[in-house]
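Here is what each chain is made of, one letter per residue.
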Amino acid sequence: MASTRRYYLWNIGCQMNQADARRVAEELESRGYAATTTPERADLLLLNTCVVRQSAQDKVQGRLSSLRPLKEGSRERALAVMGCFVGDIEALRRDYSYVDAFFRPSDLEGLAAWLDRWEVEHRWGLVGGEPSTAPQVAEMVPVSYGCDHRCTYCIVALRRGAQRSRPIDEIVGDVEALVARGAREVTLLGQNVDAYGLDLDNGASLAAVLRAVHAVDGLWRVRFLTSHPREMSPELIDTVAELPRVCPSWELAVQSGDDDVLRRMARGYTVARFNDLVQRIRVATPDGSINTDVIVGFPGESEAQFENSMRLVRETRFDLVHIAAYSPRPGTVSATWPDDVPPDEKERRRLAIEALQEQIAGEINSQLLGQTVEVLVDGRQRGRWRGRTRTNKLVFFASDDDWLGRMALVRLEWTGPWSMLGQVLGPAPGYAG
Ligand code: SF4
């Protein structure tokens, strides 16, 4: 009898990639493969890749090089690459002739069809392995793939193609299955999640998805990301405010605080439009949190334009800012422009926003000191239980009881910019299980 095949899955990148990796693992385990963290023990090596920045691309190329001897040492071992690294497949086949297959981002069907063939060709007789995917408290569910925008710096939209929204009943089916396996929170994912449904002709919107998912029995929390200021609608804001299980933790990517830079990024909104949205969000969900993304050192970004981003961060007072120093990605429009902000200057701008944001986040979080918050516990870290508030803030507490997957009431006794510590008071009322 053949032994169980093992797979080694290496994943980097955004939440969409994490969700894809999870689905790939489920596909493989439903076929009887067992996971291994040791590439030498694996029959199938699979890399789920990201090229959003040069550093990510370097990691992928490094990983491919390091796995090459393993692949070439065994004809029976397969090596496949999926994700945003996979652009021009013909060129990749030439450059990485030792790789057996390439799949575009989220192309699970392609992977499954290739596995069907590979297993037959290589007589990979599988015995039924026990799925080893541990139930997770907080899960991610893609609601749409791809993006119809063409932000001039973005490689993701080029690699992931046009937007394809999934039917609502399929999304709800996924959520029900995850809840049945123990999930209590789902994050609905789209490159531009607010544009959900624009490619369908049935009038479906993200607000409708939220309503449908909100009705799933046993689900405690729903989140969604990433929001685009161009498509965010008043209907969506009202829906979040109205549905108690939808967390008011907004991920609204601004990218720059300067209108000219936004125009050259082809973002399709102005700073005034963004500020107006923030205003509406804060009126509708006063206890919510707003996170954003900012790029510094975009081609042609002057000192004054950078200062406009600083001002936006200072005045908006975000809960969290994901800051990236611009790096040109081949194939994008902005890569044809001079990358004229020197690396040292990009780093100075990145650190300046980081320091400003650290101070702001510290101040915002310190207002929670002494308050009691609901924390959905999703794991343990350094001897403490770890979970998140409705506003997606990280909270730790010590307890000898088993809190995994439960909703705890925690009184906050220490707050910092990135996390908080508290004392558990007991289970939060109103959450069964
Ligand atoms: S909205 Fe812009 S940055 Fe976001 S995925 Fe689409 S093209 Fe890329």
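Structure's up top.
The residue numbers shown here count from 1 along each chain, following its written sequence. A pLDDT threshold of at least 70 governs which residues receive local features in this predicted model, and a stricter bar of 80 or more applies before side-chain atom pairs are shown or counted, although totals over entire chains, interfaces and linings include all residues. With hydrogens and water excluded, all non-hydrogen atoms of the structure serve as input to the side-chain values.

J.: Even after reading the chapter, I still don't get the overall build of the chain, so can you show me in this structure?
T.: Helix and strand definitions follow DSSP, with helices as H or I runs of at least four residues and strands as E runs of at least two, each counted in order from the N terminus. Of regular secondary structure, the chain possesses 12 helices and 18 strands. Taken against the 2.2 N^0.38 rule, which gives 22 Å for 433 residues, the C-alpha radius of gyration of the chain at 23 Å falls within 12% of a compact globule. For the C-alpha atoms alone, the extent of the chain along its principal axes is close to 60 × 55 × 45 Å. Accessible area is worked out with a 1.4 Å probe on protein chains only. A residue is then buried under 20% of its type maximum, exposed over 50%, and partly exposed in between. The burial tally for the chain puts 54% of its 433 residues in the buried class. Contact definition: two residues touch when any of their heavy atoms are within 4.5 Å. For the chain, long-range pairs separated by at least 24 residues make up 72% of all intrachain contacts whose partners lie at least 6 apart in sequence. Atoms counted for the radius of gyration: C-alpha only. Globule rule: 2.2 Å times the number of residues to the power 0.38.

J.: Explanation requested: the site of the ligand in the structure shown.
T.: Nearness of a residue to a molecule or strand requires only that one of the residue's heavy atoms be within 4 Å of it. In the vicinity of the ligand, the contacting residues are Cys147, His149, Cys151, Tyr153, Cys154, Ala157, Gln191, His228 and Arg267. Residues belonging to the shell around the ligand are distributed by class as follows: five nonpolar, three polar and one charged. Throughout, the ten residues Ala, Val, Leu, Ile, Met, Phe, Trp, Tyr, Cys and Pro are labelled nonpolar, Asp, Glu, Lys and Arg are labelled charged, and all others, Gly among them, are labelled polar.

J.: Please explain the sheet that holds strand 6 (residues 138–142) as it appears in this structure.
T.: Consider a sheet: its strands pair through backbone hydrogen bonds, and that pairing is either parallel or antiparallel. Any two strands between which DSSP finds at least two bridges are classified as paired. Strands sit in the order 6-9-10 across an open sheet of three strands; the sheet is parallel. The sheet is open, and its two edges are formed by strand 6 and strand 10 (221–225), each paired on a single side. Averaged over neighbouring strand pairs, the angle between their axes works out to 25° when direction is ignored. Direction of pairing for strand 6 relative to strand 9 (residues 185–189): parallel, over a ladder of five bridges. To obtain each axis, a line is fitted to C-alpha atoms, and for helices this fit is confined to the stretch in contact; angles are then taken between N-to-C directions over 0 to 180 degrees.

J.: Which parts of the structure should I look at to understand the sheet that holds strand 4 (residues 78–83)?
T.: Spatially, the five strands line up as an open sheet ordered 2-1-3-4-5, and their pairing is parallel. A strand with exactly one partner marks an edge of an open sheet, and here the two such strands are strand 2 (34–35) and strand 5 (101–103).

J.: Please clarify how the pairing of strand 14 (residues 372–381) should be interpreted in this entry.
T.: Working note: regular strand, side chains alternate between the two faces of the sheet. Note that strand 14 and strand 17 (residues 407–415) share five bridges and pair antiparallel. From the neighbouring strand, valine 375 faces strand 17, where its bridge partner is alanine 408. Direction of pairing for strand 14 relative to strand 15 (residues 384–388): antiparallel, over a ladder of five bridges. Following the sheet pairing, arginine 380 is matched in strand 15 by tryptophan 385. The loop that links strand 14 with its antiparallel partner strand 15 comprises two residues; one of these, arginine 382, has a positive phi angle of about 45°.

J.: Quick question: what am I supposed to make of the layout of surface pockets here?
T.: A water-sized probe, rolled over the atoms, reveals where empty space remains. Buriedness of a pocket was judged along seven lines, with at least five required to meet protein on both sides within 12 Å; pockets are open sets of points on a 1 Å grid over the protein atoms alone, cavities are sets where a 1.4 Å probe fits but cannot get out, and lining residues have an atom within 4 Å of a point. Grid points are joined across faces, edges and corners, and a volume is the space filled by probe spheres set on the points. As a volume, the second largest pocket reaches approximately 610 Å³. In terms of lining residues, the second largest pocket is bounded by 26 residues, among which Pro286, Asp287, Gly288, Leu368 and Thr391 are the most central. The set of elements that each furnish at least two residues to the lining of the second largest pocket consists of helix 8 (234–242), helix 12 (343–366) and strand 14. Examining the composition of the lining of the second largest pocket, we find that three residues originate from one element, strand 14, more than from any other.

J.: Sorry if this is basic, but what is going on with the packing of aromatic side chains here?
T.: For any pair of aromatic rings, the description rests on two quantities: the centre-to-centre distance and the angle between the ring planes. Stacked, tilted and edge-to-face are the three classes assigned to paired rings of Phe, Tyr and Trp, where Trp is represented by its six-membered ring and a pair needs centres within 6.5 Å; plane angles under 30 degrees give stacked, over 60 edge-to-face, the rest tilted. Inspection of every chain in the model, using the stated rule, returns 10 aromatic pairs. Relative to tyrosine 98, the ring of tyrosine 96 lies with its centre 6.2 Å away and its plane at 70°, an arrangement referred to as edge-to-face. On the basis of relative accessibility, which here comes to 8%, the residue tyrosine 98 falls in the buried class. Residues phenylalanine 298 and tryptophan 337 carry aromatic rings whose centres are separated by 6.1 Å and whose planes lie at 90° to one another, so their mutual orientation is edge-to-face. Taken together, the positions of phenylalanine 298 in the loop between strand 12 (289–296) and helix 11 (303–316) and tryptophan 337 in the loop between strand 13 (320–325) and helix 12 put the pair 39 residues apart, joining distant regions of the chain. Look at phenylalanine 298 and you get buried, because its relative accessible area is 0%.

J.: Looking at this structure, how should I read the packing of helix 6 (residues 168–180) against helix 7 (residues 206–214)?
T.: Two numbers describe a pair of packed helices, the interaxial angle and the distance between the axes. Helix 7 packs onto helix 6 with a crossing angle of 35° between their chain directions and a minimal axis gap of 10 Å. Like other packed secondary-structure pairs, helix 6 and helix 7 cross with a definite hand, here right-handed. Counting all contacts with helix 6, which are made through Ile168, Ile171, Val172 and Val175, the residues of helix 7 involved are Ala208, Val209, Ala212 and Val213. For the contact of helix 6 with helix 7, the class distribution of residues is eight nonpolar, no polar and no charged. Helix crossings get a hand from a simple test, with the near helix turned counterclockwise from the far one by less than a right angle marking a left-handed crossing and a clockwise turn marking a right-handed one.

J.: Looking at this structure, how should I read helix 2 (residues 54–72)?
T.: The α-helix advances 3.6 residues per turn, and as a result positions three or four apart in sequence lie on the same side. To estimate the expected span of a helix, count its residues, drop one, and scale the result by 1.5 Å. Helix length check: helix 2 (19 residues) gives 27 Å between terminal C-alpha atoms against 27 Å at 1.5 Å per residue, within 8%. Looking at helix 2, one finds that the buried residues are Ala56, Gln57, Val60, Leu64, Leu67, Leu70 and Lys71.

J.: Looking at this model, I keep getting lost on the pattern of salt bridges. Mind explaining?
T.: A pair can form between side chains of opposite charge whenever their charged atoms are brought close. Salt bridges are counted wherever a side-chain nitrogen of Lys or Arg sits within 4 Å of a carboxyl oxygen of Asp or Glu. One pass over the full model with this rule turns up 29 salt bridges. Taking the shortest distance from any N to any O, the salt bridge between glutamate 27 and arginine 31 comes out at 2.7 Å. With its nearest N and O atoms 2.9 Å apart, the salt bridge here joins lysine 71 to aspartate 100. Of this pair, lysine 71 sits in helix 2 while aspartate 100 sits in the loop between helix 3 (89–95) and strand 5, and the two are 29 residues apart along the sequence. Connected via shared salt-bridge partners are Glu301, Glu303, Glu345, Arg348 and Arg349.

J.: Looking at this structure, I do not really get the nonpolar core. What am I missing?
T.: A general tendency of soluble globular proteins is for nonpolar side chains to be buried together. As used in this record, nonpolar core signifies buried Ala, Val, Leu, Ile, Met, Phe, Trp, Tyr and Cys residues forming a set joined through side-chain atoms within 4.5 Å. If you look at the biggest cluster of nonpolar residues, it comprises 87 residues, and the most contacted ones within it are Leu64, Leu188, Leu210, Val213 and Phe224. Here valine 213 is in contact with Ile171, Val172, Val175, Val186, Leu188, Leu219 and Val222, once residues within four sequence places are set aside. Ranked by size, the runner-up nonpolar core spans 17 residues in total, among them Tyr7, Val24, Leu46 and Leu115.

J.: Would you mind showing me how to read unusual backbone geometry here?
T.: In the segment running from leucine 225 into threonine 226, the intervening peptide bond is cis, with an omega of 0°. Positive phi values are uncommon outside glycine, yet asparagine 392 reaches one of about 70°. Tracing the chain through its elements places asparagine 392 in the loop between strand 15 and strand 16 (394–397). With a relative accessible area of 22%, asparagine 392 lands in the partly exposed category.

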